[in-house]
Structures are given as structure tokens and as C-alpha cells.
Amino acid sequence: MALTKIGDAGMPAGAVLQVVEGTRTDGANTTSASYVDAGLSAAITPSSSSSKVLVIVAVGLGNTSAATNNNVRILRDSTEVRSFSRVSFQANGHVSAHQAFTVLDSPSTTSSTTYKLQYMTDGGNFRINDSSGDTSVATITLIEIAG
């Protein structure tokens, strides 16, 4: 995990205060109909309780079965921030695609906060970093923005 921090003293609202990134370089899959961790997370300690955190997840997703309902969600610690349904959906066969998910969160804390991705499916093998030869890298980027 890389950490870059810019001094936050006197920064105007909307200024970027720090950027944190987590990565996953190997593949994984689930057949679970309930959310499970995707092994992609990053932690950030906001410098102010008024800060916002922009969460950006970029990941290759695929499922071995057609017409399955695949879902992902972003959590702040154990709280769901946003869910996305019917991702990597293909009616006629397997699909593998890089996708991005974003959410602007207001954690209202100065404590260390972990954001992570979870995923689930109603059929087939829903896969993370789904590519032949698996050279994909999934990332979660957290950007603290002054409030």
C-alpha cells in the first residue's frame, strides 16, 4: 500500500489531502450467494472529521455462467457505503471486463478507517482479476478531500 500525504494546514475545501492505494494482483472467485471479502482493501486516517473520502475501485470481473446476477459493494469498516448489482452481466455467455466503481463518502471521523470490496453471485464462479494468464491488477484508491 502506497501513502502520499500533502500538508493539510490551511487547505481550502475540495483540496486533496492524501491518497492511499491498495492492490490485489492474484485472481479469486466466489460461488457465494452472500457477500464475501474480495481481498481488496485500503485504510486511511482522515485528518479532519469534516473530510470526505473518494473511493475508486478498478477491477477485472467475470463469471463462468451467463445471465447470473453478480453484485459488489464497498464497505467502510463494517458499514455498507454503496452496492452495485448486475455487474459483469452477459445474457449469452461468459463476460470478462474491467470495471470501475466510485463513491464519495463522509466518514465523519479522524480514526483509521478501512474500505473494502465484497462480492457475491447467484450462479457460476464470479471472479476477480478475471483474465487469461492473469496479469490484471485490482486497485482501491482512497482520496481524502478537505471538507
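On a predicted model such as this, the values are computed, not experimentally measured, just so you know.

(A) Structural detail: the pairing of strand β9 (residues 113–121). For β9, a buried count of seven out of nine residues is recorded, marking the element as mostly surrounded by other parts of the structure. Of the pairings in the sheet, the one linking strand β6 (residues 70–76) to β9 comprises seven bridges and is antiparallel in character. Of the residues in β9, the one forming a bridge with Val72 is Tyr119.

(B) Spotlight on the sheet that holds strand β7 (residues 79–85). If you trace the four strands from one edge of the open sheet to the other, you get β4-β9-β6-β7, paired in antiparallel fashion. Edge positions in the sheet fall to β4 (36–44) and β7, since each of these pairs with one other strand and no more. Direction aside, the axes of adjacent strands within the sheet are offset by 20° on average. In this structure, β4 lies alongside β9, joined through six bridges in antiparallel fashion. Within the sheet, the bridge partner assigned to Ala43 lies in β9 and is Thr114.

(C) How the structure looks around the pattern of salt bridges. For the structure on display, the rule yields four salt bridges. Its salt-bridge partner being Lys116, residue Asp37 comes within 3.1 Å of it at the nearest N-O pair. One end of the pair, Asp37, is in strand β4; the other, Lys116, is in strand β9, with 79 residues separating them in the sequence. Taking relative accessible area as the criterion, Asp37 reaches 45% and is therefore assigned partly exposed. By relative accessible area, which is 21% here, Lys116 ends up partly exposed.

(D) Expanded view of the nonpolar core. In this structure, Val55, Val57, Val72, Ile74, Phe101, Tyr115 and Leu142 are the most contacted members of the largest nonpolar core, which totals 25 residues. Counting residues per element, the ones that place at least two in this core are β4, β5 (52–63), β6, β7, β8 (95–105), β9, β10 (126–128) and β11 (138–145). Here the element with the most residues in this core is β5; it accounts for five residues. The contact partners of Ile74, leaving out residues within four places of it in the chain, are Val55, Val57, Thr79, Glu80, Val81, Arg82, Phe84, Phe101, Val103, Tyr115, Lys116 and Leu117.

(E) Spatial organisation of the packing of aromatic side chains. Here the structure, examined in full by the defined rule, presents two aromatic pairs. When the ring of Phe84 is compared with that of Phe101, the centres are 4.8 Å apart and the planes differ by 50°; the resulting orientation is tilted. Of this pair, Phe84 sits in strand β7 while Phe101 sits in strand β8, and the two are 17 residues apart along the sequence.

(F) Examining the environment of Phe101 more closely. Phe101 gets classed as buried once you look at its relative accessible area, which sits at 4%. Every residue in contact with Phe101, bar those within four places of it in the chain, is listed here: Val55, Ile56, Val57, Val59, Leu61, Val72, Ile74, Phe84 and Val87.

(G) Fine view of the side chain of Thr139. The topology assignment puts Thr139 in strand β11. Those residues in contact with Thr139 that lie beyond four places of it in its chain are Glu21, Gly22, Thr23, Leu40, Ile56, Val57 and Ala58.

(H) Fine view of the pairing of β5. Pairing of β5 with β11, which is carried by seven bridges, proceeds in the antiparallel orientation. For Lys52, the partnering residue across the bridge sits in β11 and is Ile145. Bridge count between β5 and β10: three bridges; the pairing is antiparallel. Paired with Gly62 across the strands is Arg127, a residue of β10.

Criteria and cut-off values
- Residues numbered from 1 in each chain as written.
- Predicted model: local features only at pLDDT ≥ 70, side-chain atom pairs only at ≥ 80, totals over all residues.
- Heavy atoms only, no water.
- Buried < 20%, exposed > 50% of the residue type's maximum accessible area, 1.4 Å probe, protein only.
- Helix = DSSP H or I, 4+ residues; strand = E, 2+ residues; numbered from the N terminus.
- Pairing = 2+ DSSP bridges.
- Axes fitted to C-alpha atoms, helices over the stretch in contact; angles between N-to-C directions.
- Salt bridge = Lys/Arg side-chain N within 4 Å of Asp/Glu carboxyl O.
- Core = buried A, V, L, I, M, F, W, Y, C linked by side-chain atoms within 4.5 Å.
- Contact = heavy atoms within 4.5 Å.
- Phe/Tyr/Trp six-rings, centres within 6.5 Å; stacked < 30°, edge-to-face > 60°.

Just distances and angles here, no functional claims.
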